[in-house]
Every structure is written in structure tokens, then in C-alpha cells.
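Secondary and tertiary structure notes
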Number of protein chains: 2
Amino acid sequence: MEKLIKVAMGFEKADLVLKGGNVINVYTGEIEVADIAVCDGYIAGVGDYSGIEEVDVCGKYLAPGFIDGHLHIESTMLSPSNFAKAIMPWGTTTGICDPHEIANVCGEAGVDYMIRESKQTPFDAVFMAPSCVPATPYENNGATIDAKGVDRLLDKCHGVGEFMNAPGVVYGDKDVLNKLKCAKNRGVVVDGHYPMASAKELNAYIGAGISTDHECTDIVDACDKIRRGMYVLIREGSATKNLKDLFPIINNKTLRRLVFCTDDRQVHDLLNIGHINNNIKLAIEMGLHPIDAITIATLNAAECYKLFDRGAIAPGKIADIVVIDDINKLNILQVYKKGVLVAENGKALFDAKILDCKDVKNTVHIKDICKDDFKLKLNSNKVRVMGIEPHNVTTKSLEAEVCVKDGEYVTSANLSKIAVVERHKNTGNIGIGLLEGYDIKGGAIAVSVAHDSHNIIVCGDNDEDMAIAVNEIKRVGGGMTAVHNGKVFDTLELPIAGLMSDKEIGYIAEKTEKLNKYATEVLKVNKDVEPFMTLSFMSLVVIPELKISDKGLFDYKSFKFVQIEVE
Amino acid sequence: MEKLIKVAMGFEKADLVLKGGNVINVYTGEIEVADIAVCDGYIAGVGDYSGIEEVDVCGKYLAPGFIDGHLHIESTMLSPSNFAKAIMPWGTTTGICDPHEIANVCGEAGVDYMIRESKQTPFDAVFMAPSCVPATPYENNGATIDAKGVDRLLDKCHGVGEFMNAPGVVYGDKDVLNKLKCAKNRGVVVDGHYPMASAKELNAYIGAGISTDHECTDIVDACDKIRRGMYVLIREGSATKNLKDLFPIINNKTLRRLVFCTDDRQVHDLLNIGHINNNIKLAIEMGLHPIDAITIATLNAAECYKLFDRGAIAPGKIADIVVIDDINKLNILQVYKKGVLVAENGKALFDAKILDCKDVKNTVHIKDICKDDFKLKLNSNKVRVMGIEPHNVTTKSLEAEVCVKDGEYVTSANLSKIAVVERHKNTGNIGIGLLEGYDIKGGAIAVSVAHDSHNIIVCGDNDEDMAIAVNEIKRVGGGMTAVHNGKVFDTLELPIAGLMSDKEIGYIAEKTEKLNKYATEVLKVNKDVEPFMTLSFMSLVVIPELKISDKGLFDYKSFKFVQIEVE
């Protein structure tokens, strides 16, 4: 504090001064031509300063570091260190990270790994304690984090992650309430996740202490949530893009209650369109004033998450600064984190190593699989079928008449077989179902990223290739693979919890593109479907309409397991 | 939490439902016709509810309880319990209270008394630990609160009170920085007080962790402070009224950075125009949208002071609700605090007792005073004179030629004698000076409220009456008195620290009016001067130009003591 004051007063030179830039002021909406003095990683002053190092930024725009209000690092398949390298060049200096994917595999140890590896990078990954592990009782996962676990995690986490178990909240489940009480006692932020809540449910959910939601897809829902006191996080993920639909809610009153987030974003998007900068840019393109858009991504996110040490270029704040060439196009030249230049012209300037952490390795625990494991026994020929909805992760619950021979399903030309193989506790559980609209031919695809419990999901048109695919996933300790006519084509290894690669973004992007292309071109997967990502969501039982877990077929409408046979 | 959720869901009846009112939504700027369900003092839901008790508020406007961002209870001369009764009918349900007046007399024990007595009332007095006790080294006061004291107080206080010692901050005084470090370690709010800071000083002051300022009197200063990240508190006190001057700074961007406060407000204003409601009303009269004005007084203040449990009518917030007849006129019908009706039609509905606390009694420690104590010895006839500036608490530093006989000042017709008698430690210190523009004739006035150290200040045209006045203050253990021709006219006793009465507002208002009227009409004090209040500020050495403490005459420009003789 002493040195910061001396530098602010001009008694000592700053470590670094960014000279004469157009400083974006998120408090007043102004642009000031001023110097920014940095000392020990913090902003000492904005005004007229000299420094030991001086950088001329005349004509450039200087914004506070961008904050992503809600994201899952695991969704990128990048490890925390490689994630930091991938996103910091886009101006994201802080992210509110919910590590609930790895927590479903490795429990608290997985969260601990994410925190420790992130700390080795300049990126401020602000971790939230996952609130819903397992996400549901309808599937087997790798670990349970109960209220005591959440309390333990809050010693090292900033708040509590998205509370997907909304029914547990509004119907007063005891362990759920204990988690919320932990959060309340500590005064920390609890993130929400509650699409389509009724008026009373929303009151109950918010009254229980949950203050954000990133699941709004229409303005009615978003307005209701703002009215009742929530911050609404406008999401631009890879699969779910909500900014265009939610844009009309932005006005002078609601602006302060809005934050941007990415939630789940894949490597090709990170490479091509970036990160939170994309939310800002899109909002500007739609007509929002650039400073308003930047305010949402900085000051608002900081206030929403009670990160009072950032979110603005002002004395005492962390010196997270994004240097921008054109404020309307938002092309990012440099990124400073804690006063250190960490990225320039799209490239990270730091190195960060992947932690060698045995807690998150070797997480695929299954016996060797054989083709007979995928036999589908039927008592009737009228069956339920999961109907893919192109460009979406929901399904329709359909019915079909199939051929049955010796009490066993016979492959239909228009249906693919889908299975979820439990991989955490070696229970031997395999749930088997039928999928319409995927259209795989002459092979199988398997992946160990399968929401939310991350068992192995496999889909194919023959049991042999399905077995080969699952055994390949076992061999590499998690990953994604494509099999054709009895042979593995290629595999992206995801050795970290079966969710993340230990390679950098370029490698992952290339490999996933290759695998997806192969799936579409050789295995003839429906062109309107993303082959791997779509599969990853077929096990997400908490969204409509018919899904599959290692325990069987799950019907969303009745919210219970159903037999595959209709009658 | 369980019950709140059940009530929100409609599974149980609310304790209280305010039915069908026009609910002011500070998040969206809307007015919704809705019920407000209250359970255990908190808002369970806004929507369609039924309750054990139901109150029809159709056609009425419902606002969140008002928050005063900065005030000194002692300035009203009301004890905390009587203060609560006086202000709650005006809609103020929370106040950020800096008890630095009593702290200057009684130290930490005084703060403790304020907290304990306030807790017996429904009013949420949010206390800040006084940061500057004593306010300066240029006077004797009753106690010292150093960094360790502030740290101790922070166990029971919400933050740190106004940091008047701005030079101590920007020049890095060690004890000052230790106080700021305490606050930083605890993550609490530190209030500022820094009129006329230079650009660099402001950077240093804010960088040190000080986040508010209530001393802005012009828009340039206010804008500079908002730009650098401060919340600006727009003050409407009794002596200092800043809203009209600061009104132009309010716009859609700055709005969220503004809070209302009263700072120092006297009983006649509390009786006649109210409290924070008056700031809101005035802003509406000047053209601000009523909901914006209410937002400043509620949501903004709550965010500024990190009081996340209030500031809006929304689920999970404390049920502090103001029922208003006409949103433009802001006439307040009822006030609910924690879901309980605490005031109606201008009357408090609760009783609250004054604590019998010996720590804050018998605080006048002086020997008996005689007229010779006020002899003013002079080596020259050319002297410095404090020149009153009507309607202001500053003075001009003047010079005059006076009559000297036997080395002693002889009363001049146009000058009054003023003295400050140290009353805390019985040091016998008496500072004596001359005052132009007060014009008292045939008597003396004395008061034990004298900023910031609250010694006894006395002013008269003859030493005999001055001695009688001070001895009267001693007799009653603190208060304000007027003496005419050797006789005490009347005295308002202020037995609590010599600052506060144990009587209710009506009594104090009547007595002060009587004393002021007597001073003006009988003692002929200048009609453009408030007789007692003006005296109380003559000892405030930290404002221009010439002031007096128990240690002598203090010159603001040179910031040091000066002899009364010019040469």
C-alpha cells in the first residue's frame, strides 16, 4: 500500500506506465486520454505519470480485463494451463469457473487439481464449488460432493457453482438446503441454473440465496429474473447462443444487472471467434454502445461476483488491461494481467505447465467390453426411440416398430444403437437405447465426455465396432474415438479425467476436426449433427425428452426411467 | 430458509402479505401491481400470495426502505433510540452511522454505547469504526482510537468511518496506513472525506482503499471522484446542502455510482422536512424520475455498502418497505421494518429505551471557572480576528487594532471574545480568541458540542457571563446554555457525552428554538448567524481560515498555530 500511494502521488516512478491511451471509463461511460500508472500489479493512478517502463499507447483504446461470468474449462477439453493460453489473447483475464465436469469424475480432488494448475498461470480462474455432484440420482458418476464437501471446498473456492438441482431447492431437499446455508453463512455468491421456472419457483429459488442465472433463452424469462433480483448472464457458448434473443432486454435500467458468459465453448470457436470478446463484439454489432458492452463484461461481472478489486481501470484495481485498436471492431492488440504483458497479437506470451496429478489420471474403470454387452433384449417390437433434434442437444421421445429375433433387437437401417457404459466404479452397468437421426453406418463412435456424469457413451450400427470403440477409450484412459469396419481410425486422448487433453489448442482442434470429418464423411453421420458433441449430450437426463444413462432410458416428461418397450 | 421457501412456493401462508400495491422495482425501473409476501422478516415472494395477516395496499406505492449512506446520530442531539423514533416515520430503515463525535469524547466505549442502544430499536444503524479520533493533533479530545482500536471496533462495526485525515493517507502516515490495512484485510468499506483533492491525491486516496465521498460540493469534484471509482454521496444536511449543485452529474451512466446521505441533520429539519426522503423528494422536484431517485436511496446505497440483504423489494431481502401515497410527492403513509409496521402517519409505533450507560455520562471534567480565566493578555494592539462568514462554518482570517490596557485586551464594541475550555482531561487548557460578526451583547453562550473534540466553546462580551456559562455547562454535565447579565436564562442538558439529550425530539426542538431565539433577540447575536451551531464549528481547525482550539488560534493556510498578535 505504501508504494502504491507513493507512485500515485508521483513521489516514486511507476513500474509501468501506459502512456496517452484512450482510457475507457466504465463508471462514467467516457473515454479519457490519460496515462495509466501500474505498481506491483495494481493500478496506482490514472492521469499524468512517468514510469520505469513506459509504453506508448496513443490512439489505442484501453479497457479493463474482460470477465467471463460462467464457464466450464473442461468443455474446451483444454487443461487449465492450456485454457489460459488460449483465452488470454482474447482479453479474458478473469473467469468464474465451475469445475463440475471434473468433479463428477474425480470429486473434490478434481476441483483441487483445477485450482492448483490454474494458479500456475496468469489467468484468474475464480473457482466455484460445484453444487450438484452427482447432477442427478439417475446415473452413476465418479464422486459425491455433499454439503460438507461444499463447505470444505469453500475454503478454497469463491462461491457455489450453478445450482442445477432447482427442484431440490424449491422443494427443500435437506442436503441442498445445507449447501445453501453454508454459502449464506460465508456470504458467498451462489450461481443459478433454472430454465423455465414458474413465478413462485423463481421467488423460492432466489429467496434461497441464488443470485445469477445463465440459462435464459428468451426475454420474458430474463426480465422475470432481473425483476426478482438476479443477475442475468447472457451466454454465447458453442452450442447455446443467447445474445441475439436476449438483446432486447438491455436498457439503461437493466444494464447493470447483466453479465456476459460463455458457459461451454469449444476449441474451434476459441481459435476462430474468441471468448468473451465475442459477446462484446456481437453486442456492439447489434447496436449496443461499445462502452456499455464493455461495462457488462467488466464492472458488472465484478459487482455480480463481488470481485471488488477489478472491473475498471481505476486506482487500487488489479492492472488487468486490454489494449484495443478499434473500439467498434474490438481487435485486441495486447493484454496485460496484473501489469504484465501476457498476450500480444493473438499469442500468449507465457508458458504454463500441466500439473502431473495422479488424482485425475486413469479414470476409466471398466472390464473389457465385448460385442455381446450391447445385445438389446426386447419383449415387444414397439419401442421408444430417442429422436435427435438437429442443432440442439434435446431429443424427441419417439416410437417405432422394430424387428425382433430370438428376443433380441435386429439392426434397423434408420436407427443407431446407443449405449452408456458406466466407467467410474466398474459396476458393469450399460444402458442401451435406440437413436433416430444420427445415421451412423459401418462403424461406431465413442467418447468419455458425456454429461453430466461422464460415463462412456457409444453409438454405432453394429455391436462389434461399438465394443472396439469402448475398449479403445479404456486403452487410452478416456478420449474420443471413431471405429470403422473393426479398426480404430483415430483417437483424441483425454487423459485428464477422461475430459481434457494434455495437448495445446491447435492439436485438439485439428484432431477433433479430423474425427468429426471422418464421422460425417466416412461413417455417414447426419450432416446436421455434430457427431461427438451431440452424443455427449444424449446422456443429459435433465433436459427433454428421452435420454439415456448407464441405468437406462429416462423420460423427462414423467421424470423417471422407462422401459424401452412401449407396452 | 425452509420456511421462506415454503411460503414462496405457496405451500404455507406468509406471516404478512401486502396485497395489490404498486411495487417499485429498482432493478428494472418498472412498477408492478403485485402482492409482497413476508416471512420471518424477509420477503418470501413478489407475486400472488395469501397470508395470515393481509393488508390492502391497492393504489399505494411500495418502495424498499430508504438507506442513509452517511450520518452522525450525535449531530441531532438525539440518543440512538430517540433518533430511530424520529427518522423511521420518514422511511429511513437503514443508516450508515459514523459515531465519531461520541468517540472523540468517550472512545471505544462511546461507540459501544451507540451500537448497544441502537440494537434495541428496529432501526438498522450500521456503524462504521471512527477512523480519525482525535481528528487532529491540534486539540485535546477525550480519547484516542489507533489502528489497534479500529481493528477491535471492526469486530462489531461494518466498516471504517470517514477518513478525514486525508493528508495522513496520501503522505503515508504509519498509523493511518495500519488502519487502512485492517480494513483491507477484512474486506470492509472505508468511507472517505476529501474535499478539493488534486488528481494525484485522489488516485492515492482511492488506491489506499477508500471508496466513498460525501464532501463534493461541485460537479467537477464529483465527476472526478466517480471517474476514479468512488461512490459519491449526495448530501442534504442542515448546514450543507449539495443536491442542487450536484444534480447535473446524474445521468444514466453515473446513476449507479450515487448514494444519498444527510451527514449532519438537526432536529428542526428532522421534524419539518424529514430525512433521506427529503433528498429523494428534492431530486424528484428537480426532474429526476421518482424510481431513479428511489434507486439511489436504496439499491445503490446497499451496493455501495455491500449490504446485499436489502435495497430492493425482492425475494430473500429484508422486508423493509415504505408505503407511499403519491410517488411524486413522496408522502409516506407507513413504514415496515423487517416485516413489522414501525411507523404510520409520521409517528413511530415502537418504544425504545435509553441505555443507562455510565461510560457516556459525566464527561465534563473541568475545575470551576472564574472570570479571570478569560483574561486575554496582549503584547501588541494589532491582532488576528476570526471573521464569521454568515450561513457558513468557515471563517476569514482578519486583522484588527484593539485597545490594550495593562497588557490586557479591553473589550471592543464590534468584537466578541471566544474561548475553548478543554473538558476531557481537566488540563486547564483554555484557548482565547476574538470573533467578528457574532455581535453578542450583555451575555454569553456556551456549548459542549464543539467539533471535532467537543470541548466547551463559549462566546460573550464579558468575562463574568462567560464564566457563568461554562460553569453551568459543568453543572449539567454538558449541554447548551445562554447567560444574560449574570444569570442563566435556560439550558438544554446534553448528559450523554455532552452531545446528546435523553429527551425526545419535540423537547429538544422546542428548547433549542427558545435558546436560539433568546440569543438572537435578547443577546443580539447577528441575525444571519445560527447562534449555537455556528459556535460549534469555530473549533473545527481542519477548515478555513482561522479557528480556535483549547491549544490556541489555528491558521488553516499555514496549517499551524499562530499567536493572536500579528507582530
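Let me begin by describing the structure that accompanies this report. (Residues numbered from 1 in each chain as written. Chains lettered and ligands numbered in written order. Predicted model: local features only at pLDDT ≥ 70, side-chain atom pairs only at ≥ 80, totals over all residues. Heavy atoms only, no water.)

Take the overall build of chain A next. The helix and strand tally for chain A stands at 16 helices and 30 strands. Its C-alpha atoms give chain A a radius of gyration of 25 Å, within 12% of the compact-globule value 24 Å for 567 residues. Structurally, chain A occupies a C-alpha span of about 90 × 50 × 45 Å along its principal axes. Summed over its atoms, the accessible surface of chain A is roughly 19,600 Å², and 48% of this surface lies on carbon and sulfur atoms. Counting 63 positive and 80 negative side-chain charges, chain A places the averaged centre of each group 3 Å from the other. (Helix = DSSP H or I, 4+ residues; strand = E, 2+ residues; numbered from the N terminus. Rg over C-alpha atoms; globule rule 2.2 N^0.38 Å. Areas by Shrake-Rupley, 256 points an atom, 1.4 Å probe, with all protein chains shown as cover. Lys, Arg positive; Asp, Glu negative; His and termini not counted. Charge placed at Lys NZ, Arg CZ, Asp CG, Glu CD.)

This part takes up the relation of the copies chain A and chain B. Relative to chain B, chain A is turned by 180° and slid 0.0 Å along the rotation axis, the superposed coordinates differing by an RMSD of 0.1 Å. Both copies of the chain, as the preceding transformation shows, are related through a two-fold rotation axis. Proximity to the rotation axis, assessed at the C-alpha, singles out Asn252(A) in chain A; its C-alpha lies 3.1 Å from the axis. Taken as a fraction of all interface residues of chain A, those also at the interface in chain B reach 100%, which identifies the copy contact as same-surface. (Least-squares fit on C-alpha atoms with pLDDT ≥ 70 in both. Contact = heavy atoms within 4.5 Å.)

So, about the pattern of salt bridges. It is possible for side chains of opposite charge to pair when their charged atoms get near one another. All chains considered together, the criterion is met by 73 salt bridges over all chains. Between Asp263(A) and Arg235(A) there is a salt bridge; the shortest N-O distance is 2.7 Å. Of this pair, Asp263(A) sits in the loop between β13 (258-261) and α11 (267-272) while Arg235(A) sits in strand β12 (residues 231-235), and the two are 28 residues apart along the sequence. Per residue, the accessibility class of Asp263(A) equals that of Arg235(A), and both read buried. Here Asp175(B) makes a salt bridge to Lys179(B), at a shortest N to O gap of 3.5 Å. A residue pair is termed a helical-turn pair when its members lie 3 or 4 positions apart in one helix, as Asp175(B) and Lys179(B) do in helix α7 (residues 174-186) at four residues. For Asp175(B), a relative accessible area of 30% corresponds to the partly exposed category. (Salt bridge = Lys/Arg side-chain N within 4 Å of Asp/Glu carboxyl O. Buried < 20%, exposed > 50% of the residue type's maximum accessible area, 1.4 Å probe, protein only.)

With that settled, consider helix α13 (residues 290-304) of chain A. Residues and elements named next belong to chain A. Taking 1.5 Å per residue, 15 residues should reach 21 Å; α13 reaches 20 Å between its end C-alpha atoms and fits that length. A bend of about 40° at Ile296 is the largest found in α13. Counting buried positions along α13 yields 15 of 15 residues, so the element is predominantly enclosed. Lys306 sits one or two residues past α13 and shows a positive phi near 55°. (Expected span 1.5 Å × (residues − 1). Bend = angle between axes of the 7 residues up to and from the residue.)

Moving on, we get to the environment of Ile496(B). Residue and element names in this part refer to chain B. With respect to the secondary-structure elements, Ile496 resides in the loop between β27 (487-493) and α15 (505-521). Looking at Ile496, the relative accessible area reads 1%, which means it is buried. The sequence separation of Ile496 and Lys361 amounts to 135 residues, and the corresponding C-alpha distance is 5.4 Å. Sequence-distant contacts of Ile496, that is, excluding residues within four places in its chain, are made with Ser79, Tyr113, Ile354, Val360, Lys361, Ser501 and Asp502.

Turning to the sheet that holds strand β24 (residues 443-447) of chain A, a few remarks are in order. Residue and element names in this part refer to chain A. Sheet architecture is open: eight strands sit in the order β19-β18-β23-β22-β25-β24-β26-β27, paired in mixed fashion. Because the sheet does not close on itself, it has two edges, and the strands there are β19 (395-401) and β27 (487-493). Taking each pair of neighbouring strands and ignoring which way they run, the sheet shows an average axis angle of 25°. One ladder, built from six bridges, connects strand β26 (residues 479-484) with β27; its direction is antiparallel. Each bridged residue has a counterpart across the sheet, and for Gly479 the counterpart in β27 is Glu493. The strands touched by helix α14 (residues 463-476) within the sheet are β22 (415-421), β24, β25 (456-460), β26 and β27, with β26 carrying the most contacts at an inclination of about 150°. Set on the sheet, helix α15 (residues 505-521) makes contact with β24, β26 and β27; between it and β27 the angle comes to about 150°. (Pairing = 2+ DSSP bridges. Axes fitted to C-alpha atoms, helices over the stretch in contact; angles between N-to-C directions.)

Before going further, it helps to examine the sheet that holds strand β29 (residues 552-555) of chain B. Residue and element names in this part refer to chain B. Taking strand neighbours across the sheet as the criterion, the three strands line up as β28-β29-β30 in an open arrangement whose pairing is antiparallel. Each having just a single partner strand, β28 (546-549) and β30 (560-562) make up the two edges of the open sheet. Neighbour-to-neighbour, the strand axes of the sheet open up by a mean angle of 45°, direction not taken into account. Alignment of β28 against β29, held across four bridges, turns out to be antiparallel.

Looking now at the packing of helix α8 (residues 199-207) of chain A against helix α1 (residues 2-9) of chain B. Packed helices, taken two at a time, are described by their axes: the angle between them and the distance between them. Taken N-terminus to C-terminus, the directions of α8(A) and α1(B) make an angle of 165°; their axes are 7 Å apart at the nearest point. Considered as vectors, α8(A) and α1(B) are oriented roughly antiparallel to each other. Crossing hand, α8(A) versus α1(B): right-handed. Contacts between α8(A) and α1(B) involve Lys200(A), Glu201(A), Asn203(A), Ala204(A) and Gly207(A) from the first element and Leu4(B), Ile5(B), Ala8(B) and Met9(B) from the second. (Parallel < 35°, antiparallel > 145°, perpendicular 65-115°, else oblique. Left-handed = near helix turned anticlockwise from the far one by under 90°.)

Moving on: the interface of chain A and chain B. Taken together, the contact pairs 53 residues of chain A with 53 residues of chain B. Between chain A and chain B, the buried area comes to about 4,800 Å², and carbon and sulfur atoms account for 57% of it. When residues of chain A are sorted by the area they lose upon contact with chain B, Met1(A), Tyr27(A) and Arg256(A) head the list and together hold 16% of the total. The tally of links from chain A across to chain B stands at twelve salt bridges. The partner of Glu303(A) in a salt bridge is Arg257(B), and the shortest N-O contact between them spans 3.2 Å. Between the two partners, chain A and chain B, sit 24 residue pairs in polar contact (both at pLDDT 80 or more). (Buried area = accessible area lost by both parts, 1.4 Å probe. Polar contact = N/O pair within 3.5 Å; in protein donor to acceptor, adjacent residues only side chain to side chain.)

By the definition in use, this model includes 21 aromatic pairs over all chains. Geometrically, the ring pair formed by Phe308(A) and Phe308(B) is stacked, given 6.4 Å between the ring centres and 5° between the ring planes. Placement of the pair is Phe308(A) in the loop between α13 and β14 (321-324) and Phe308(B) in the loop between α13 (290-304) and β14 (321-324), with the two residues belonging to separate chains. Note on Phe308(A): relative accessible area 32%, which makes it partly exposed. Put simply, the rings of Tyr138(A), Phe554(A), Tyr556(A), Phe559(A) and Phe561(A) pair up and form one aromatic cluster. Here Lys503(A) stacks its cationic end above the ring of Tyr507(A), 5.2 Å away from the centre of that ring. (Phe/Tyr/Trp six-rings, centres within 6.5 Å; stacked < 30°, edge-to-face > 60°. Lys NZ or Arg CZ within 6 Å of the ring centre and 35° of its normal.)

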